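# Inside the fold
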2 protein chains.
Amino acid sequence: MSLSFFEVASLIIALIAFGFAALLYNWVKKRPSSNERIAEVGKLIRNGANTFLKKEYTTLAKFVGVAAVIIFIFLPAPIWSEKAEISKNLLMAVSYICGTIFSAIAGKIGIEIATIANIKSAEAAKSGISPSFLAAFRGGAVMGMAVVGSSLLGVTLVWLLTNDATTLLGFSFGASSLALFAKAGGGIFTKTADVSADLVGKVELGIPEDDPRNPAVIADNVGDNVGDVAGMGADLFDSNVASMSAALVMATALDTVAEGEMNTSMVFCYAAIGLLSSIIGVAGAKMGKKGSPTRALNNSTYITTLIFAVLSAAATYFFDFEWRIWGASTIGLVVGTIIGIASDYFTDDSKPPVHNVAKASESGPAFTILSGFSYGLLSTLPSMIGIGVSALAAYKLCAPLGEATGNETEYALFGIAMAAVGMLSIVGMIISNDAYGPIVDNARGLAEMGNLGDDVLEITDQLDSAGNTVKAITKGFAIGAAGLTVISLLGAFITEVNLAAAEKGLGTILTGFDVMNPTVFFGLLAGAAIPAVFSAMLILGVDRNAQRMVAEIHRQFKEIVGLKEGKPGVNPEYDKCISIATVGAIKELIPAGLFAIISTVVVGFIGGVEAIGGFIAGNIVSGLLLSLLMSNSGGLWDNSKKYVESGNNGGKGSVAHKAAVVGDTVGDPFKDTAGPSINTQITVVSLVSSLMSSLFLEFNLFNLF
Amino acid sequence: MSLSFFEVASLIIALIAFGFAALLYNWVKKRPSSNERIAEVGKLIRNGANTFLKKEYTTLAKFVGVAAVIIFIFLPAPIWSEKAEISKNLLMAVSYICGTIFSAIAGKIGIEIATIANIKSAEAAKSGISPSFLAAFRGGAVMGMAVVGSSLLGVTLVWLLTNDATTLLGFSFGASSLALFAKAGGGIFTKTADVSADLVGKVELGIPEDDPRNPAVIADNVGDNVGDVAGMGADLFDSNVASMSAALVMATALDTVAEGEMNTSMVFCYAAIGLLSSIIGVAGAKMGKKGSPTRALNNSTYITTLIFAVLSAAATYFFDFEWRIWGASTIGLVVGTIIGIASDYFTDDSKPPVHNVAKASESGPAFTILSGFSYGLLSTLPSMIGIGVSALAAYKLCAPLGEATGNETEYALFGIAMAAVGMLSIVGMIISNDAYGPIVDNARGLAEMGNLGDDVLEITDQLDSAGNTVKAITKGFAIGAAGLTVISLLGAFITEVNLAAAEKGLGTILTGFDVMNPTVFFGLLAGAAIPAVFSAMLILGVDRNAQRMVAEIHRQFKEIVGLKEGKPGVNPEYDKCISIATVGAIKELIPAGLFAIISTVVVGFIGGVEAIGGFIAGNIVSGLLLSLLMSNSGGLWDNSKKYVESGNNGGKGSVAHKAAVVGDTVGDPFKDTAGPSINTQITVVSLVSSLMSSLFLEFNLFNLF
């Protein structure tokens, strides 16, 4: 194990991130809080979240155990085969388990800080918007630093200890598979509670959001934490690890040819600089007394982007890296921003789409759905083109690097991987922004339940709305990066297949995937159907679960005397709702996750490596389309509802408002359950494929004919 | 011009179809009708439909004129280039115009018979379900025979007169481009009226469907004719022509090598047998006195399928055709049936999805939307897999035919084209079933407005519901066939490009489209976004237009004294609503259609032939996904509403009913505007690409670098 400068630097910056996270954590914890009711409710939320997390992780531990045994038996080669080395299989299984543990810890840290920051932010709102903003933002930043720090630490450690790209894919698969379930489970939990609380509370009874009489209100707040904090943390941990792993797989292959460490060094260097930029961006983030929270969040993102571009250019100059690779990563960063801005256009409440959907709502819910869905469809165009252009530009830019050695394709794919790394370089900042959302959402609930008054509620509402808008931008980054990562993983897949083929003396058998090859085309169509079915399973899960919870809320309002009237001392049974959401989510998350993994395995064993190539491509195409559609239409409906509630198109209680609430309810599982789970699903499919490539090559039904 | 046996046979069978259509027409016309009110309303519908058609065709004539000039200048080669022959360009332009005229005539014939059959079917219902069914079915069959007869006639004539596959593509492009606009325009018209009538009538005022007080009720009935009859006729005319053309393009290339006419003969022979089978199937269709109309329609389809399989096998044996090609076309037919059955499962009101959506509706409209959308997503899986498998099987089955001559790929692609021909062989029957739907829908409206009583309404309701279910099956055929046709057109595109390249002395430059090629990948992502944007434009068109019409209906109820109360002698101004639907549809149909054509041209001139290959593949994948999703979820919502209305989950007026009506309204433009327009859009994109292949090869931005 030899330590290069860049690996050491990565470890150090990861540790700095942890230190910075600890500082922020203490700062948040020291904010004053005095309201007893808030403390009480806050504790309920915290306990609910921890209970769910414990149950979820217990269930997943069994899954991970089984998966680890299967991995040990089959990967990288079946233990009974000649070329198998038991130690390698063991390493792969351990690496997988480590990936899941790192991911779980990232989620746990997020819950830990978010359930403190929500209280602090609510109470800070008493003294103004600026301190309230800062408490929430820095709380989010603890999560951001922890997630990115641990992903950089994890990847660097696995790399140093094994120096093997395939094992790294195992680590990445661990992170992805956990993220797949955590995102699905958290997403089902949060939307079950949110949808049910809104439906009975706002629509049927006409009581305000976060009214303490509503039995589902605590479950709703717990949901924000387990879905939007823990789930999202696992998701971006996974994206970050996957993009670094894909880049390292390509870089290793190139370094072997060039007999140096230039390319792997670049990956670590850029990732470390990204984290450093995020640290600086977070430290500098603030909001003027009269400023807008949206602007404060977006400005921090833009500043971080700029810092990364400058620092990475400096490093490229200083260490004599390839400028073309720098160009690729900068393209990724710029395109990520463009995708974010495009998403923002379709969801921002000062732009035409939100106004048009609010206007359409005056004619009833069907028009809310039709117009919002249509804008969601339209919103896919700029992002799809953006991702296509960035892949194309990165490819063309980096291919010439391989001219001398005859490996243009490898350099080109490395360029695409580095575009993904570039897009995710500022992920620390992105997570900080993203975790800010559920924290202020919770703070709003606590302020309502703690009776902090209308002035405070106005502040928390403003902070909450900013969280929604910013989410659109960060989701753009996550989706775009997943697309690019998976393209480069497709390159990794080809490399793995050819290595396996060479071992069997078959030579290079795969150079690409021709859509005119009917096996590839079959894979393409099958792969395109997977994200559709996967999303449907999640949405139906929320649907079923919410119906159960609605029945429970109805029961409580009927049976608990004095609850509806708000008689002092009469409390709903919050824990019953939390328990329904928990049990339901745990039950529903397994089938959808398993479906994604098993369908890949089935297609691989039927159609072999060519079908898998098409399968991954179809998966990317339809996955990007559906996730952009769902995330953006969901955000659009949410903000249209808020727009109407702020007094437009008839305001609260009007026909438009009722219709907009229906749109928001439809959008909830779109944007917070299905939409953001799809990019994890895409990553999982491509990692399973890469890991099992040699098995698919050897054993498949089409080979028999 | 030499006439082969099969070409003569095709012409004769086409003429028999016309004769049979005339017989059926007279039979329908002779059915008794006596009710004056029905005659009066029937006339209004007829005039409304003819007015719309006239305006639509006048607008499109200008478009066709411009397009014909452009085609004359540029295709097959720019008139200023060395290799250009003015006569060929002229032939291409004339062929294009003929395609549009044939398509327009098919639509016009459909309107002509449908607006008679609706009256006859309504009046026949007085004497029972069986005669009413027969009047509607035979009316639909006139349309079916006319469309398939004219497509077979048109293709055969163009083929005989020019003997040139590229000119045939020009004819096909004419049919497709008119279908694109007719389907979009008719779809926007019909759903504008349907949605507005339901919204104000059923939801706001609680008056029954087809109540004569509703100012939009005639427009709604006109819409059934211009959208579901004329539009659908143009659509299936186009699919049929495109599948035959694609097969003939491949067959010609193969016959040149083999120096015979075997393969082209097969195409004509199978198409003629398909029409013959449909004639027999239509002639034999009937319904027992106590029978179910759904079963009667489905049985006729299955019987036709069987007749085709047997007759085509006999022809294959008798004329010594290749059995493998017969196998491919039978695979297409079988898979079409399977796709239909799968779609049926998701939309039939005796199956779980409809029941579950009805149940979910009890919790409000958001759950109706979420569950219906999810089932729509799930429904894509069997069809996508089915299309993939049929392409794969046809390919593998037919490739060995080329072993001796070294053109396996060409035979394989011909096999895929013949699978599409097989899938569409029974299209005469399919159109008969499909046109039956709007006729009985109209009959229901006429029975209501003519006060024929509850017994008659019960019969027409039963016939109407059967129309909905059967639609799901026929749409499955249309979508599946479009998928297969476009795959084989992709093969035609490669052939055209290589021919053009050979002329420039470049040799074979294209053998396929590798998704790892970033230009192809860019095309793939861009192509996938097109159906999304195209659908969004259509749905937003309906949305905007319906808002205008809702305002007009509100105005009439407010300003016309006694209308709401149903005072005798007070009539709404039906023509105002018809006019709004007409003007709006004409205005909205052009941008969406142009978008599909222009985006193809832009991508071609930017990325060249490789980008176009990816573009078409992405277009197929996302087009199939979205059209299946929208068609099936729309059908599901419609039938769930009907299921609730028939007394389940609370029945009419319940919470579930209100929610189900919202679902139905959302589903209307899904299933009747956007969903079924997408397969035409896919075909247009691939025809534009094939026709412009040599231009894209010569002039593109990427070539400059």
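Each value, and the rule that gives it
Residues numbered from 1 in each chain as written. Chains lettered and ligands numbered in written order. Predicted model: local features only at pLDDT ≥ 70, side-chain atom pairs only at ≥ 80, totals over all residues. Helix = DSSP H or I, 4+ residues; strand = E, 2+ residues; numbered from the N terminus. Contact = placed C-beta atoms within 7 Å. pLDDT = per-residue confidence, 0-100. Nonpolar A, V, L, I, M, F, W, Y, C, P; charged D, E, K, R; others polar. Buried ≥ 20, exposed ≤ 12 C-beta atoms within 10 Å, placed from the backbone. Least-squares fit on C-alpha atoms with pLDDT ≥ 70 in both. Expected span 1.5 Å × (residues − 1). Axes fitted to C-alpha atoms, helices over the stretch in contact; angles between N-to-C directions. Left-handed = near helix turned anticlockwise from the far one by under 90°. Parallel < 35°, antiparallel > 145°, perpendicular 65-115°, else oblique.

### Examining the overall build of chain A
A tally of helices and strands in chain A yields 19 helices and zero strands. Dimensions of chain A, computed from C-alpha atoms along their principal axes, come out at roughly 80 × 55 × 45 Å. For chain A, long-range pairs separated by at least 24 residues make up 85% of all intrachain contacts whose partners lie at least 6 apart in sequence.

### Structural notes on the confidence of the model for chain A
Chain-level pLDDT for chain A is 89 on average; 99% of the residues reach the 70-or-more range. Note on the complex model: pTM 0.93, ipTM 0.92.

### Structural notes on the interface of chain A and chain B
At the interface, 60 residues of chain A touch 60 residues of chain B. Of all the elements in the fold, those that place two or more residues in the side of chain A that touches chain B are helix H5 (165–205), helix H11 (365–398), helix H14 (454–503), helix H15 (518–559), helix H16 (574–645) and helix H17 (655–691) of chain A. Tallying contributions element by element places H11 of chain A first for the side of chain A that touches chain B, with 20 residues. Class assignment for the residues of the side of chain A that touches chain B results in 43 nonpolar, 14 polar and three charged.

### Concerning the environment of Ser371 of chain B
The residue Ser371 of chain B is located in helix H11 (residues 365–398) in this model. Of the residues examined, Ser371 of chain B has 29 C-beta atoms within 10 Å and is grouped as buried. With 274 residues separating them along the chain, Ser371 of chain B and Glu645 of chain B place their C-alpha atoms 18 Å apart. Discounting chain neighbours no more than four positions away, the residues touching Ser371 of chain B are Leu540 and Asp543 of chain A together with Asn356, Val357 and Ala360 of chain B.

### A word on the environment of Met145 of chain B
On the secondary structure map, Met145 of chain B appears in helix H4 (residues 129–162). Beyond its immediate stretch of four places on either side in the chain, Met145 of chain B contacts Ala17, Phe20, Ala21 and Gly428 of chain B.

### Notes on the relation of the copies chain A and chain B
Structural alignment of chain A on chain B gives an RMSD of 0.0 Å, achieved by rotating through 180 degrees and translating 0.0 Å along the axis. The transformation relating the two chain copies, once decomposed into turn and shift, fits a two-fold axis. Every residue of chain A has its C-alpha some distance from the rotation axis, and the shortest such distance is that of Asp514 of chain A, at 2.1 Å. When the interface residues of chain A are mapped onto chain B, 100% of them again fall at the interface, so both copies present the same face.

### Details of helix H15 (residues 518–559) of chain B
For H15 of chain B, spanning 42 residues, the distance from its first C-alpha to its last is 62 Å, which sits close to the expected 62 Å at 1.5 Å a residue. In terms of residue burial, H15 of chain B counts as a mostly covered element, since 34 of its 42 residues are buried.

### Remarks on the packing of H17 of chain A against H11 of chain B
Two packed helices can be described by the angle between their axes and the distance between those axes. The interhelical angle for the contact between H17 of chain A and H11 of chain B, taken along N-to-C directions, is 35 degrees, at an axis separation of 8 Å. With respect to the hand of their crossing, H17 of chain A and H11 of chain B are arranged in right-handed fashion. Touching Val662, Thr665, Val666 and Pro669 of chain A of H17 of chain A are Pro365, Ala366, Ile369 and Leu370 of chain B, all from H11 of chain B. When its residues are assigned to classes, the contact of H17 of chain A with H11 of chain B shows seven nonpolar, one polar and no charged.

### Comments concerning unusual backbone geometry
Backbone geometry at Asn649 of chain A places phi at a positive 50 degrees, although glycine is not the residue there. A residue is classified by how many C-beta atoms lie within 10 Å of it, and Asn649 of chain A, with 20 of them, is buried.

### A short note on H14 of chain A
Residues and elements named next belong to chain A. Here H14 is 50 residues long and its end C-alpha atoms lie 71 Å apart, about the 74 Å a rise of 1.5 Å per residue gives. Along H14, 39 of the 50 residues are buried, which leaves the element largely enclosed by surrounding structure. Just beyond H14, the residue with positive phi is Gly505, at close to 75 degrees.

### Brief notes about the packing of H15 of chain A against H17 of chain A
All names here are of chain A. Here H15 crosses H17 at 140 degrees, and the two axes come no closer than 9 Å. Relative to H17, the element H15 lies oblique. When the axes of H15 and H17 are compared, the crossing they make is right-handed. Contact residues: H15 offers Ile530, Pro531, Phe534, Ser535, Leu538, Ile539 and Val542, while H17 offers Pro669, Thr673, Ala674, Ser677, Ile678, Gln681 and Val685.

### What to know about the environment of Ser278 of chain B
All names here are of chain B. Counting through the fold element by element, Ser278 comes out in helix H7 (residues 262–284). Owing to 30 C-beta atoms within 10 Å, Ser278 belongs among the buried residues under this scheme. Along the sequence, Ser278 and Ile431 sit 153 residues apart, while their C-alpha atoms lie 9.9 Å from each other. Excluding anything up to four places from it in sequence, Ser278 contacts Gly144, Val148, Thr304, Ile426, Gly428 and Met429.

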